[in-house]
Amino acid sequence: MRVQFWGTRGSIAKPGPSTARYGGNTSCIEARSARGTLVVVDCGTGGHSLGQNLTSAGSKGLRGHILISHTHWDHIQGIPFFAPLFVPGSEWDIYGPKGLGQSMREALAGQMQYTYFPVTLDQCGARIRYHDLVEGTFDIDDIKVSTHYLNHPALTLGYRLEADGVAVVYACDHEPHSRMLATGHGDITGQDLRHAEFINRADLLIHDAQYTAEEYPAKVGWGHSTVEYVVNLGQFAQVKRVALTHHDPLRDDDAIDRLVANIRAKLRENPSSLDVFAAVEGQIVEIAPSPAKGSARRAGEFQAEMPIAPALAEWCVLLGIADTKMAAAVSKTIRAEGIHAKFFSNMDEARTLIAKHRPSLVILEHDPPRIDGMGTCRAIRQQESDATARCHGRGTGGSDGGGRGGRHGLAHQAL
Ligand SMILES: [Zn+2]
Ligand SMILES: [Zn+2]
């Protein structure tokens, strides 16, 4: 597998003389299997150069996959500037953690609203599919991808890519659960042990190492690791190489040099086969299987099949709007988000559509006396209450009954 770093800076892009060598762009890496499968992990500002590089190669029908760790700016700001998404004929799959409210598509579309950016997500020329992920395992062509929740003030996934007999793990952004571990001391147990198991025997670990143990007391709860913790973790999990990344924007190149020199001196004192380096923007790392190492695959507990659900494809919105201009405008907006829109003009039609499609939302025009949206709303709610009562009255309290009840609840809330 071949990995190239396109963004190594944490939190905010920091171009300038003090970061010229390690790079000022935020998180983005490119991974390619020997067979050519292209996976981009995170698309911070580094995604711009990667996109230019891909399109300048002249490939019209570009096919790739983008794994987003989380939707903090420094991990998604390259998306609106990622040229391959604007090339007709290109095909991209974008994956990210499934949140409780927003889908990955909604979160990415949010930063491309007109207030922030002149082109909306649905105006990208490429064919884009979205996948909301939970913990588990799935395949992207010949690359096996495992996901693992990280400890960060946003729903965040780490990714483990396995192909060509090697394993690469990307874990940004993550703070050890034990504060003691962040200071470079203590045992790796509990959730921290689970994290170590996720990266177990990786050939390359690309890990958030934004702070140092000395800086950590002022950064507790910020959701980042320390260099000392990452080095201990790499040794504990028998990792081959560790790439320190998500460099603090306040850390200049010389300071990173000193950090790496100190780590290497310590590793020499206590003989260790671990290779530690600080990721450099533009750097390419070729990873080949070590004949002596055996299988890089992890134990079976992470092999569970992972459901990948299309974020919005099955959502349905009902529209009770008489004004044809308004109806057309609302419908266009909704369909641009990949959501089905259904119209009704009377309660009989509404009843039929609700029973058939179980809409997540009903939008009603209310302009009395011409059109009584509130009356329609009350009638729909009454119908749903009756249906819920009938459902409970029949005593269908099993999982199916519970699920139906939940959907009724959702419909009421949306109304
Ligand atoms: Zn970050
Ligand atoms: Zn973050």
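One can find the structure itself at the top, above this paragraph.
Just so we're clear, the structure is a prediction, and the values are computed from it rather than from any experiment.

About the cut-offs
- Residues numbered from 1 in each chain as written.
- Chains lettered and ligands numbered in written order.
- Predicted model: local features only at pLDDT ≥ 70, side-chain atom pairs only at ≥ 80, totals over all residues.
- Heavy atoms only, no water.
- Helix = DSSP H or I, 4+ residues; strand = E, 2+ residues; numbered from the N terminus.
- Buried < 20%, exposed > 50% of the residue type's maximum accessible area, 1.4 Å probe, protein only.
- Contact = heavy atoms within 4.5 Å.
- Areas by Shrake-Rupley, 256 points an atom, 1.4 Å probe, with all protein chains shown as cover.
- Donors = N, O, S within 2.8 Å, 3.2 Å for Na, K, Ca; no water.
- Tetrahedral: all angles 85-135°; square planar, octahedral: opposite > 155°, others 65-115°.
- Pairing = 2+ DSSP bridges.
- Axes fitted to C-alpha atoms, helices over the stretch in contact; angles between N-to-C directions.

A few words now on the overall build of the protein. For the protein, the helix and strand inventory stands at 11 helices and 17 strands. For the protein, the proportion of its 415 residues judged to be buried stands at 50%. When contacts within the protein are restricted to residue pairs at least 6 apart in sequence, those whose partners lie at least 24 apart make up 70%. Total accessible area on the protein stands at roughly 19,100 Å², and carbon and sulfur atoms take up 53% of it.

Below, the discussion takes up the coordination of the zinc ion (ligand 2). For a metal bound by four donors in tetrahedral geometry, the ideal donor-metal-donor angle is 109.5 degrees, whereas six donors in octahedral geometry ideally sit at 90 or 180 degrees. The zinc ion (ligand 2) binds to the protein through His70 (NE2), His72 (ND1), His152 (NE2) and Asp173 (OD); the donor distances cover 2.1 to 2.4 Å. Each of the four donor atoms bound to the zinc ion (ligand 2) contributes to angles spanning 91 to 172°, and the resulting shape is irregular. Residue His152 is classed as buried on the basis of its relative accessible area, which comes to 11%.

Moving on, we come to the sheet that holds strand S4 (residues 63-67). Spatially, the seven strands line up as an open sheet ordered S6-S5-S4-S3-S2-S1-S14, and their pairing is mixed. A single partner strand is all that each edge strand has here, and the edge strands are strand S6 (127-133) and strand S14 (284-286). Sheet twist, expressed as the average angle between the axes of neighbouring strands with direction ignored, equals 20°. Here three bridges tie strand S3 (residues 38-41) to S4, and the two strands are oriented parallel to one another. Bridge pairing links Val41 to Leu67 in S4. Running at roughly 35° to strand S2 (residues 28-32), helix H1 (residues 47-56) makes contact with strand S1 (2-7), S2, S3 and strand S5 (91-97) of the sheet.

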